[in-house]
Amino acid sequence: MTGSIVDVIIPSDQFALAHTLAELETVTVDAERIAATNDEFLLSFLRFDSPERATLEAMFAEDDSVVDFRLIAEFESDCLYQFEWDDHIEHLVRLLVEQEGTVLRATGHDDHWNIRLLFADRMMATRTNDCCLEHGIDFDVTSIHDLTDQSSSPVGLTDRQQTTLQLAAEHGYYSVPREVKAEDLAEEIGISHQALSERLRRAHGNLVNHVLRGGKRGVNSVESAPAESKLETSGN
């Protein structure tokens, strides 16, 4: 049995805080503490990178996904809230964890959520994918990583990350001033602008972890399988 990490994008209007994220486009929200296979605690605590409490709470009050909220802590640059969600959100959460999936990370911004899930094997991930599609939820799998994958390079990079960094350097992406736009580089590689941004971020994180932390790699530093390796649904 091989565990798999699956990165997915879910539109915020099918998940949580659609109104809040749409109205506050510059705000990013991160799940502070997520309990594995436990929908009672999943996404209960969210951290917002905005100190404007009054604006945030006005949006929460108008957001259909929110039943109740409570300020837990306020910091210099962000706030931590506890939420009680609408039944629709609870239903989606159950879909995500019913195959014994563990949510490792959840980040909401603008019109979507990026969610990273850990499954004991890829079949469980496929069943979750099928179940979400059956319920009309856009479960957009952006990448898959098997935990036994040993394709990383001696400097902590996967082949795909290393190739992307090399192309970025060759095209002047790291020059000052920059000689190529991210959009053009993404087109050259054949991926979306968002996928390029996430791949470069992971690659930079892997390099930092490897060089500055002695090769210690966390779950958030992995590079995933290409788009062609997305989960196949039972209908295909």
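If you look the protein chain up in an unreviewed UniProt entry, it shows as DNA binding domain-containing protein from Haladaptatus paucihalophilus DX253.

Secondary structure summary: the protein chain contains seven helices and eight strands in total. Counting every position in the protein chain, which comprises 236 residues, the buried fraction comes to 44%. Across the protein chain, the fraction of contacts at a sequence separation of at least 24, relative to all contacts at a separation of at least 6, is 67%. Accessible surface computed for the protein chain: about 12300 Å², of which carbon and sulfur atoms make up 47%.

Buried within helix α3 (residues 87-97) we find I89, L92, V93, L95, L96 and V97. Where α3 is buried, its residues meet β1 (4-11), β5 (79-85), β7 (112-119) and α4 (122-134). Two or three places before H88, at the start of α3, stands the capping residue D86, its side-chain oxygen 2.9 Å from that residue's backbone nitrogen.

Take the packing of aromatic side chains next. This model, assessed by the stated rule, comprises 11 aromatic pairs. Centroid distance F48 to Y81: 6.0 Å. Interplanar angle 85°. Geometry classified as edge-to-face. Here F48, found in strand β3 (residues 45-48), pairs with Y81, found in strand β5; they are 33 residues apart in sequence, far enough to count as distant. When sorted by exposure, F48 lands in the same class as Y81, which is buried. Look at Y81 and F83: their rings are 6.2 Å apart centre to centre, the planes differ by 50°, and that puts the pair in the tilted class. F83 carries the same exposure label as Y81, and that label is buried. Here the aromatic residues F48, F60, F69, Y81, F83 and W85 are joined through ring pairs into a cluster of three or more.

For the rest of this paragraph, the subject is the nonpolar core. Formed by 42 residues in total, the largest nonpolar core has its most connected members in L17, L46, F48, W113 and I115. Among the elements that take part in this core, α3 stands out by supplying six residues, more than any other. Contact partners of F48, with chain neighbours within four places excluded, come to L17, V27, T28, V29, L56, F60, S77, D78, C79, Y81 and F83.

It is worth spelling out empty space enclosed by the protein at this point. Tallied over the full model, the rule gives one cavity of 30 Å³ or more. In this structure, the largest cavity spans a volume of roughly 40 Å³. Those elements that place two or more of their residues in the lining of the largest cavity are β7 and α7 (193-212). In terms of residues, the lining of the largest cavity owes the most to one element, β7, which gives three residues. In terms of residue class, the lining of the largest cavity is built from one nonpolar, two polar and five charged.

What follows covers the environment of T28. Relative to the elements of secondary structure, T28 occurs in strand β2 (residues 28-33). It is 6.0 Å that separates the C-alpha atoms of T28 and F48, two residues lying 20 residues apart in sequence. If sequence neighbours within four positions are ignored, T28 has contacts with R47, F48, D49, T107, G108 and H109.

In an α-helix, one full turn covers 3.6 residues, which means residues spaced three or four apart are oriented alike. By the burial criterion, the buried members of helix α2 (residues 53-62) are L56, M59 and F60. Along the axis of α2, the buried residues cluster in a sector spanning 105°; they form a single face. Turned more than 90 degrees away from the buried face of α2, the exposed residues are A54 and A61.

Turning our attention to the packing of α3 against α4. The interhelical angle for the contact between α3 and α4, taken along N-to-C directions, is 155°, at an axis separation of 8 Å. Judged on the interaxial angle alone, α4 and α3 are roughly antiparallel. Residue-level contacts link L92, L95 and L96 of α3 to T128, C131 and C132 of α4. When the residues that make up the contact of α3 with α4 are grouped by side-chain class, the tally is five nonpolar, one polar and no charged.

Another aspect to go through is the environment of A186. Looking at the element boundaries, A186 is found in helix α6 (residues 182-189). The class for A186 is buried, based on a relative accessible area of 1%. A sequence separation of 10 residues divides A186 from L196, and the C-alpha atoms of the two residues are 5.8 Å apart. For A186, the residues in contact, after removing those within four places along its chain, are I191, S192, H193 and L196.

The rules behind each value
- Residues numbered from 1 in each chain as written.
- Predicted model: local features only at pLDDT ≥ 70, side-chain atom pairs only at ≥ 80, totals over all residues.
- Heavy atoms only, no water.
- Helix = DSSP H or I, 4+ residues; strand = E, 2+ residues; numbered from the N terminus.
- Buried < 20%, exposed > 50% of the residue type's maximum accessible area, 1.4 Å probe, protein only.
- Contact = heavy atoms within 4.5 Å.
- Areas by Shrake-Rupley, 256 points an atom, 1.4 Å probe, with all protein chains shown as cover.
- Polar contact = N/O pair within 3.5 Å; in protein donor to acceptor, adjacent residues only side chain to side chain.
- Phe/Tyr/Trp six-rings, centres within 6.5 Å; stacked < 30°, edge-to-face > 60°.
- Core = buried A, V, L, I, M, F, W, Y, C linked by side-chain atoms within 4.5 Å.
- 1 Å grid on protein atoms, 1.4 Å probe; cavity = no way out; pocket = protein on both sides within 12 Å on 5 of 7 lines; lining within 4 Å.
- Points joined across faces, edges and corners; volume = space filled by probe spheres on them.
- Nonpolar A, V, L, I, M, F, W, Y, C, P; charged D, E, K, R; others polar.
- Arc of directions from axis to C-beta.
- Axes fitted to C-alpha atoms, helices over the stretch in contact; angles between N-to-C directions.
- Parallel < 35°, antiparallel > 145°, perpendicular 65-115°, else oblique.

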